[in-house]
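An overview of the molecular structure
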Amino acid sequence: MSKLEIALFPCLSDNYGLLIHDPQSGKTAAIDTPDADEITRQCEARNWGLTDIWNTHHHWDHTGGNLALKEKYGVNITGPNMIEGRIPGLDIGVGEADIFQFGHHDVKVWHTPGHTKDHIVYYVPDAEAIFVGDTLFAMGCGRLFEGTPLQMFESLKKLASLPPETKVYCAHEYTVSNGEFAITVESENPALRAALGDAKTKRTKAVPTIPTTISKELETNPFMRAETPEILGQIRAAKDNF
Ligand SMILES: [Zn+2]
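Residues numbered from 1 in each chain as written. Predicted model: local features only at pLDDT ≥ 70, side-chain atom pairs only at ≥ 80, totals over all residues. Heavy atoms only, no water.

The name an unreviewed UniProt entry gives the protein is Hydroxyacylglutathione hydrolase, with Litorimonas taeanensis as the organism. Here the protein is described in UniProt, under the heading Pathway (unreviewed entry), as follows: "Secondary metabolite metabolism; methylglyoxal degradation; (R)-lactate from methylglyoxal: step 2/2." Among the UniProt annotations of the protein, the heading Catalytic activity (unreviewed entry) holds the following wording: "an S-(2-hydroxyacyl)glutathione + H2O = a 2-hydroxy carboxylate + glutathione + H(+)". (UniProt positions renumbered as here; feature names shortened; annotations may be inferred.)

So this is what it looks like as structure tokens:
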């Protein structure tokens, strides 16, 4: 079976555009649509015809390109359907524990509320990769716009159960600012100090810090390391005011 290919590229001010391509079936999916023009350019540069969009949640910087890309490519749009009308052009609504096919590969969907009520993530075991939108960031997590600390705690626990080597594709480059906050929570954590130093070096050269891995987040991320929902809530409130 030919290997799945993943492309990551900056969009808007600090989003990442993400494409996954299956050479065998010729399918290409965009994970969220921060910028239709940039996604089109990236597909054309690789000779990949866009066939699918997988949305993680409804925020404009994740769905803004849906309709333009649907018009251009006739793509099939998969996304959360728990709250009707949120995902522009939605074709297939999915939720917790759904599995769908991408070529011959399984894509597993988990519901990870917290950032929004209906946030979902896409796990592709054959690529050892998960697309987490705004649920998990390197050394951070999404703001709790609609969900509770308990929901985010449980969502992050689901992610923590993945194989440690799983690559985590986050939707934003927030790593350095997240790390600078994380170090105030756990100043003596050597893995965290190393990860922050590494992220700063990469960012001075404009190199992406994404993907991260589950094992790296378990070692460095104060939200993944929070032992109770209450502690997570306190850390999240402190980060909101950092
Ligand atoms: Zn968002």
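And the narrative resumes.
With that settled, the discussion passes to the sheet that holds strand β14 (residues 212–213). Taking strand neighbours across the sheet as the criterion, the 6 strands line up as β7-β8-β9-β10-β13-β14 in an open arrangement whose pairing is mixed. On the outer flanks of this sheet lie β7 (99–102) and β14, each paired with one strand and no other. The pairing of strand β9 (residues 120–124) with strand β10 (residues 129–133) spans 3 bridges and is classified as antiparallel. Residue Tyr122 lies in a different strand from β10, and its bridge partner there is Phe131. Across the face of the sheet, helix α4 (residues 149–160) comes into contact with β8 (105–111), β9 and β10 while running at roughly 155° to β8. (Pairing = 2+ DSSP bridges. Helix = DSSP H or I, 4+ residues; strand = E, 2+ residues; numbered from the N terminus. Contact = heavy atoms within 4.5 Å. Axes fitted to C-alpha atoms, helices over the stretch in contact; angles between N-to-C directions.)

Right, let's get into helix α9 (residues 229–240). The end-to-end C-alpha separation of α9 is 16 Å, in line with the 16 Å expected for 12 residues at 1.5 Å each. Within α9, the full set of buried residues consists of Pro229, Leu232, Gly233, Ile235, Arg236 and Lys239. Looking straight down α9, one finds that the buried residues subtend no more than 165° of arc, so they occupy a single side. In α9, the exposed residues that point more than 90 degrees away from the buried face are Glu230 and Gln234. In this structure, the buried residues of α9 make contact with β12 (140–141), α4, α5 (175–185) and α8 (222–225). (Expected span 1.5 Å × (residues − 1). Buried < 20%, exposed > 50% of the residue type's maximum accessible area, 1.4 Å probe, protein only. Arc of directions from axis to C-beta.)

With distances of 2.2 to 2.3 Å, the protein atoms coordinating the zinc ion are His57 (NE2), His59 (ND1), His115 (NE2) and Asp134 (OD). In this structure, the zinc ion is surrounded by 4 donor atoms whose angles at the metal cover 91 to 171°, and the resulting shape is irregular. In primary sequence terms, the donor set of the zinc ion follows H-x1-H-x55-H-x18-D. Taken together, the residues His59 in the loop between β4 (52–54) and α2 (60–63) and Asp134 in the loop between β10 and β11 (136–137) connect sequence positions 75 residues apart. Each member of the pair, His59 as well as Asp134, is classed as buried. (Donors = N, O, S within 2.8 Å, 3.2 Å for Na, K, Ca; no water. Tetrahedral: all angles 85-135°; square planar, octahedral: opposite > 155°, others 65-115°.)

Turning next to the UniProt feature "binding site: Zn(2+) 2" (unreviewed entry) in the protein. Within this structure's numbering, the places UniProt gives as "binding site: Zn(2+) 2" (unreviewed entry) are Asp61, His62, Asp134 and His172. What stands out for the annotated residues spanning 112 residues is how close their C-alpha atoms remain, the widest pair being 10.6 Å apart. Among the annotated residues just listed, those that line the largest pocket are Asp61, His62, Asp134 and His172. As for its position among the elements, Asp61 is in helix α2. Those residues in contact with Asp61, other than ones at most four positions away along the chain, are Leu12, Asn15, Thr33, Pro34 and His172. (1 Å grid on protein atoms, 1.4 Å probe; cavity = no way out; pocket = protein on both sides within 12 Å on 5 of 7 lines; lining within 4 Å.)

Bringing the packing of aromatic side chains into the picture now. Applying the stated criterion across every chain, the model contains 9 aromatic pairs. Each ring, one from Trp54 and one from Phe100, has its centre 5.4 Å from the other, and the planes form 80°; the classification is edge-to-face. Pair noted here: Trp54 is in strand β4 and Phe100 is in strand β7, with a separation of 46 residues, a long-range link. The exposure class assigned to Trp54 is buried, which follows from its relative accessible area of 1%. When its relative accessible area of 17% is taken as the criterion, Phe100 is described as buried. (Phe/Tyr/Trp six-rings, centres within 6.5 Å; stacked < 30°, edge-to-face > 60°.)

Let us look at the environment of Lys108. Examined against the element boundaries, Lys108 turns out to sit in strand β8. Given the relative accessible area of 29%, Lys108 is considered partly exposed. Once the C-alpha coordinates of Lys108 and Val94 are considered, the two residues, 14 residues apart in sequence, prove to be 9.9 Å apart. Ignoring anything within four residues of it in the chain, the contact list for Lys108 reads Asp98, Ile99, Val121, Tyr122, Tyr123 and Pro125.

Let us look at the pattern of salt bridges. Considering all chains together, one arrives at 14 salt bridges under this definition. Lys200 is the salt-bridge partner of Glu180, the closest N and O atoms lying 3.5 Å from each other. With Glu180 in helix α5 and Lys200 in helix α6 (residues 190–204), the pair connects residues that are 20 residues apart, well separated along the chain. Given a relative accessible area of 33%, Glu180 falls into the partly exposed group. The salt bridge involving Lys216 is made with Asp198; its shortest N-O contact spans 4.0 Å. Residue Lys216 is located in helix α7 (residues 214–220), and its partner Asp198 is located in helix α6; the two are separated by 18 residues in the primary sequence. By relative accessible area, Lys216 is classed as partly exposed at 32%. (Salt bridge = Lys/Arg side-chain N within 4 Å of Asp/Glu carboxyl O.)

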